[in-house]
Amino acid sequence: MIGKPITGRSFGGCVRYVVNKQDAKIIAAEGVRMQNASTITHDFNLQRKMRPELGKAVGHLVLSWSREDLSKLSDQIMVERAKEYMDKVGIRNTQFVIVRHHDREHPHLHVIYNRVDNNGNTITDKNNFAKNVKACKEITLKYGYHLGEGKEQVNRHALKGNEKIRYELFDTIKAALKKSGDWKQLEANLQKQGIGITYKYRSSSNDVQGISFEKGDIKMKGSAIDRSLSYARINTQLNHNRQMQQQQEIRKTDSPSLADQLKEAIRQHGQADQVHLPTGGKGILETLLEPQFVAGPPDPMGDADIAKRKRKKHEAEHSQSQGISR
């Protein structure tokens, strides 16, 4: 299961998008009338008036599962999982509506909730991304849902707002990390992409406790972007990269190149050649490179002429011997 937390300003626009979509089904609600989008919006806005200064009072969640989990997810079970998720991330004692959509191959639902709770208090959106990751992981492992393929498989073009920026940071940092052997190299590689690194230190010490990444006006903790981008995990990866670089340097130093091996083999053969082969003191390479006569194919006409001359010579010698004998 994966989640996508969103905050906004307009209940009307959010409710119309979620409720009026084709094949949308309201499967649960609390504190709002479910007749239609207008009544739901009216009830949300009525409670919102208790905190008129809160601009982004709209809470919106998208919870999705893999296609492999479809058989495990009835409407009732999806409602239970949505409520469990909300409790884990601190969305309690407030109005909400849960709507299931069927416009994708994978099962998913939308939750719209009021960030002004029933007592007029504000439901915080601080650390939404980190809390979202933690809650989704716990629920996925608890009920044995299919584990996703990771951020590499997410459709970037469908993302918006902070979620889009988060994935852009993830992709850029991961690419820079592969080319870095220490923190200075990582900082330099990220700086080229307009991303800065901020370290959080333990009080009264130089020990790094956490790390954040900045791009423009956006600042996100490494662990909020992805668990693999916490300070500890990045440090482990950099150490691994450095060890691999050192091993490659050692192999380059200890192992002669193919060209060097060939030169050495020719040198050794040349020395042996001068001692054991009748090449007039020349090395094997010089001998092999000397121009050599290569016999061509036999010439049938030339061979016939030679045979004819031999035959005439033989007949002449025979005639001469006969005359002498007489």
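Everything here concerns the structure above.
Cut-offs and rules
Think of each chain on its own: its residues are numbered from 1, step by step along the sequence as written. Side-chain atom pairs in this predicted model are given and counted only at pLDDT of 80 or more, local residue features only at pLDDT of at least 70, and totals for whole chains, interfaces and linings cover all residues. Hydrogens and waters are ignored; side-chain quantities use all the structure's heavy atoms. Any carboxyl oxygen of Asp or Glu within 4 Å of a side-chain nitrogen of Lys or Arg constitutes a salt bridge here. Secondary structure is summarised from DSSP: a helix means a run of H or I of at least four residues, a strand means a run of E of at least two, and numbering begins at the N terminus for each. Think of it in three bands: residues with accessible area under 20% of the maximum for their type are buried, residues over 50% are exposed, and the middle band is partly exposed, with areas taken using a 1.4 Å probe on protein chains only. Here, strands pair whenever DSSP counts at least two bridges between them. Axis definition: a line fit to C-alpha positions, over the contact stretch in the case of helices; interaxial angles, taken between N-to-C directions, run 0 to 180 degrees. Under the pairing criterion, centres of Phe, Tyr and Trp rings, with the six-membered ring standing for Trp, must be within 6.5 Å; the plane angle then separates stacked pairs below 30 degrees from edge-to-face pairs above 60, leaving the rest tilted.

Colleague: I tried to follow the pattern of salt bridges on my own but got confused; where do I start?
Modeller: Should the charged atoms of two oppositely charged side chains come close, the side chains can pair. Taken as a whole and judged by the stated rule, the model has 15 salt bridges. The shortest N-O distance in the salt bridge between K21 and D103 comes to 3.0 Å. Placement of K21 in the loop between α1 (11–19) and β2 (25–30) and of D103 in the loop between β4 (96–101) and β5 (108–114) is noted, with a sequence separation of 82 residues between them. Judged by its relative accessible area of 34%, D103 is partly exposed. Where R92 meets D87, a salt bridge forms, and the shortest distance between an N and an O atom there is 2.8 Å. Look at R92 and you get partly exposed, because its relative accessible area is 46%. Taken together, the salt bridges that share partners define one network made up of K25, D75 and R100.

Colleague: Got a minute to help me understand the sheet that holds β5 in this structure?
Modeller: By definition, the strands of a sheet pair up through backbone hydrogen bonds, in either a parallel or an antiparallel sense. Pairing in this open sheet of five strands is antiparallel, and the strands run β1-β3-β5-β4-β2 from one edge to the other. Lying at the two open borders of the sheet, with one neighbouring strand each, are β1 (2–8) and β2. Across the sheet, the mean angle from the axis of one strand to that of its neighbour is 15°, orientation sign disregarded. With five bridges joining them, β2 and β4 adopt antiparallel strand pairing. Residue pairing for β4: K25 is matched across the bridge by R100.

Colleague: Please clarify how the packing of aromatic side chains should be interpreted in this entry.
Modeller: For any two aromatic rings, the description comes down to two numbers: the centre-to-centre distance and the angle of the planes. Under the definition given, this model contains five aromatic pairs. Ring geometry for F11 and F44: centres 4.6 Å apart, planes at 5°, overall stacked. Note that F11 is positioned in helix α1 and F44 in helix α2 (residues 37–48), a separation of 33 residues in sequence. With respect to class, F11 is no different from F44; both count as buried. When the ring of W183 is compared with that of Y199, the centres are 5.7 Å apart and the planes differ by 75°; the resulting orientation is edge-to-face. Here W183 is found in helix α6 (residues 183–191), whereas its partner Y199 is found in strand β6 (residues 196–201), with 16 residues between them in sequence. Taken together, the aromatic side chains of W65, Y143 and Y145 make up a single cluster linked through ring pairs.

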